[in-house]
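Breakdown of the fold
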Amino acid sequence: MKSQTLMQLNQVPDFRRADVARDAIKCKVCNSIALKFDVVDFNKICSPVEYYPYGFSGIIVNYYKCGNCGLLFTDFCDDWTGEDFARFIYNADYPLVDEEYASVRPERIAAEMAGFLQDHRSARIVDYGSGTGVFAERLRSVGFAEVCNYDLFSSPSRPGGRFDIITCFETIEHSPFPGETIADLVSFMKPDGCIIVITAIQPPNIAELRANWWYIAPRNGHVSIYTLAALEVLGASVGLELYSGNGKLAFAGRSPSPQLMPLLRAIGPALRSVRLTAPFDRPSPAQPTPAATSADVDWHAVEQSGATRFRWTRTSRIEWRLQDQPGTYPCRLTITIPLVHEISAGFAERCMLEIGSYSHPVQRAAGAITAVAELDQPLRQPIALITPEPLRPSDLLGTSDRRALGLAIALAAEPG
């Protein structure tokens, strides 16, 4: 064995001493703890066919995933200057890693958006992250009165004034600092305007795909990969709400102009994502408050599996009361409950969530159960998880554990 390899292997701790959380860093959107998720080579590109057509660079890029909002990101480029990005990513080779960048993609998006925005031809529009400027040129050619370009690299002169509509297509995933980017987008927007966004959202099976998902590609500059929950938190940080549907996303304040409301409704409903977690031993402002129940009655003591802390449910009804109601109605409320274990196979799938006046079946995804509800007004009653009757391990497995156990639900990710 090579001496360098032997030295490296000797430094790897055995699993009993391994500290999974030692590489934890702060999430760039919600400031919660993000653990190392996967690694790729710097030369990985966006391609459905071949991720490394130009070979390997030998440079490892770490990606982290937030345990709260789900943001997937790398800190690899955090100390890069604009010149560094221009030299190592947006250089003469960039058309080789993104063949549609120069004209194919902006032509396609312009054709679609010209129809989508046809009732807003007189609006002031700025294309943020405009690249070659093809999108703005095409919209102007079909009668849009004012469409400006802004791009840190290709059109760095900032257009003056505020805009009714900011378009931002395949751009926010390139930003190593999402908070700075959303604030910059807002600086262009009229108070009653909106921001229309296109970016790929993590698929439900991202925990299985890991960084093998095609959109995670540092050589393309894809350094921040979003969930809808992460985008919702990002928008809320600057006072905006997220709308989603039909392959588009939009941010707007709580009082968009009457002219823009049909546009937002055509995109989809306002979204609200809530993550319901097991209570801490101490109160935490990061999680919804258990409603009219006692943690000692409904939950067993805190346990830990790897880096994940959790509590078993001990009753068949667990309630949470939302502290912060959605601001816009109608809205689509997505409830996610992070699941660590279940007392028996199929137990989680037999659960229901009471949201408002209706009971909703849950869906089991990797590491969570979820349910979606359409709300027309604020919730006045708690959200309730209804489970089958908890079971005793002593009855199932013949062990000495006589606790009544249902679901092992993770605690909220504590702020980093």
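Residues numbered from 1 in each chain as written. Predicted model: local features only at pLDDT ≥ 70, side-chain atom pairs only at ≥ 80, totals over all residues. Heavy atoms only, no water.

Scanning the protein from terminus to terminus reveals eleven helices and 23 strands. For 416 residues, the compact-globule estimate of 2.2 N^0.38 gives 22 Å, and the protein sits close to it at 24 Å. Referenced to the eigenvectors of the C-alpha coordinate spread, the extents of the protein come out at roughly 75 × 65 × 35 Å. A sequence separation of at least 24 residues applies to 68% of the contacts in the protein between residues at least 6 apart. (Helix = DSSP H or I, 4+ residues; strand = E, 2+ residues; numbered from the N terminus. Rg over C-alpha atoms; globule rule 2.2 N^0.38 Å. Contact = heavy atoms within 4.5 Å.)

Any two side chains of opposite charge can pair if their charged atoms end up close together. Enumeration over the complete set of coordinates arrives at 18 salt bridges. Among the salt bridges present, the one from Arg-105 reaches Asp-98, with a minimum N-O distance of 2.7 Å. Its relative accessible area of 12% is what places Asp-98 among the buried residues. Here Glu-241 ties to Arg-254 by a salt bridge, and the two come within 3.6 Å at their closest N and O atoms. With Glu-241 in strand S10 (residues 241–245) and Arg-254 in the loop between strand S11 (248–252) and helix H9 (261–267), this pair connects stretches of sequence that are 13 residues apart. You can call Glu-241 buried: its relative accessible area is 13%. We classify Arg-254 as exposed; its relative accessible area is 55%. Here the salt bridges share partners, and the residues they tie into one network are Glu-107, Glu-137 and Arg-138. (Salt bridge = Lys/Arg side-chain N within 4 Å of Asp/Glu carboxyl O. Buried < 20%, exposed > 50% of the residue type's maximum accessible area, 1.4 Å probe, protein only.)

Moving on: a nonpolar patch on the surface. There is a patch of nonpolar side chains on the surface, built from Met-1, Leu-6, Leu-9 and Val-12 and spanning about 440 Å² of accessible area. Along the chain, the position of Met-1 falls in the segment before helix H1 (3–10). We classify Met-1 as exposed; its relative accessible area is 72%. (Patch = residues over 30% accessible without salt bridge, like charges linked within 9 Å, V, L, I, M, F, W, Y side chains within 5 Å. Areas by Shrake-Rupley, 256 points an atom, 1.4 Å probe, with all protein chains shown as cover.)

Here the focus is the packing of aromatic side chains. Counted by the stated rule, this structure contains 20 aromatic pairs. Measuring from centroid to centroid gives 5.8 Å for Phe-42 and Phe-76, while their planes differ by 35°, and the two rings are tilted. On the criterion of sequence distance, the pair formed by Phe-42 in the loop between strand S2 (33–41) and strand S3 (60–66) and Phe-76 in the loop between strand S4 (72–73) and helix H2 (82–88) is long-range, its members being 34 residues apart. A residue is classified by how much of its surface remains accessible, and Phe-42, at 9% relative accessible area, is buried. Owing to a relative accessible area of 24%, Phe-76 belongs among the partly exposed residues under this scheme. Taking 6.2 Å as the distance between ring centres and 20° as the angle between the ring planes, the aromatic pair formed by Phe-85 and Tyr-90 counts as stacked. Judged by its relative accessible area of 9%, Phe-85 is buried. A network of ring pairs unites the aromatic residues Phe-42, Phe-76, Trp-80, Phe-85, Phe-88, Tyr-90, Tyr-94, Tyr-101 and Phe-153 as a single cluster. The aromatic ring of Tyr-51 is capped on one face by Lys-44, whose charged end is 4.3 Å from the ring centroid. Above the plane of the ring of Phe-37 lies Arg-210, whose end atom (NZ or CZ) is 3.9 Å from the centre. (Phe/Tyr/Trp six-rings, centres within 6.5 Å; stacked < 30°, edge-to-face > 60°. Lys NZ or Arg CZ within 6 Å of the ring centre and 35° of its normal.)

The next point concerns the sheet that holds S2. With antiparallel pairing, five strands are arranged side by side in an open sheet as S1-S2-S3-S4-S9. Edge strands, defined here as strands with exactly one partner in the open sheet, are strand S1 (25–26) and strand S9 (224–225). In terms of strand pairing, S4 meets S9 through two bridges, oriented antiparallel. Residue pairing for S9: Phe-73 is matched across the bridge by Ser-224. (Pairing = 2+ DSSP bridges.)

Looking now at the side chain of Thr-313. Along the chain, Thr-313 falls in the loop between strand S15 (308–312) and strand S16 (317–321). For Thr-313, a relative accessible area of 0% translates into the label buried. With near-sequence residues (within four places) excluded, Thr-313 lies in contact with Asp-298, Trp-299, His-300, Ile-318, Ala-404, Leu-405, Gly-406, Leu-407 and Ile-409.

This brings us to the confidence of the model for the protein. The predicted model of the protein has a mean per-residue pLDDT of 91, with 94% of residues at 70 or higher. When the criterion is pLDDT under 50, residues 283–287 qualifies, and its contacts beyond four places in sequence or with other chains add up to seven contacts. (pLDDT = per-residue confidence, 0-100.)

To continue, consider the environment of Leu-185. Mapping Leu-185 onto the fold places it in helix H6 (residues 178–188). Judged by relative accessible area, which is 1%, Leu-185 ranks as buried. Residues Leu-185 and Arg-275, 90 residues apart in the sequence, show an inter-C-alpha distance of 27 Å. Excluding residues within four positions of it along the chain, Leu-185 makes contact with Tyr-128, Ile-166, Cys-168, Ile-172 and Ile-195.

Our next topic: the environment of Ala-307. Residue position: Ala-307 is located in the loop between strand S14 (303–305) and S15. On the basis of relative accessibility, which here comes to 32%, the residue Ala-307 falls in the partly exposed class.

Right, let's get into helix H8 (residues 228–236). Ala-230, Leu-231, Glu-232, Leu-234 and Gly-235 are the residues of H8 that are buried. Where H8 is buried, its residues meet H6, S10, S11 and strand S12 (270–275).

This part takes up the pairing of S3. Where S2 and S3 come together, seven bridges link them in antiparallel fashion. When the bridges of S3 are listed, Asp-41 appears paired with Ile-60. Of the pairings in the sheet, the one linking S3 to S4 comprises two bridges and is antiparallel in character. Bridging across to S4, Tyr-64 finds its partner in Phe-73.

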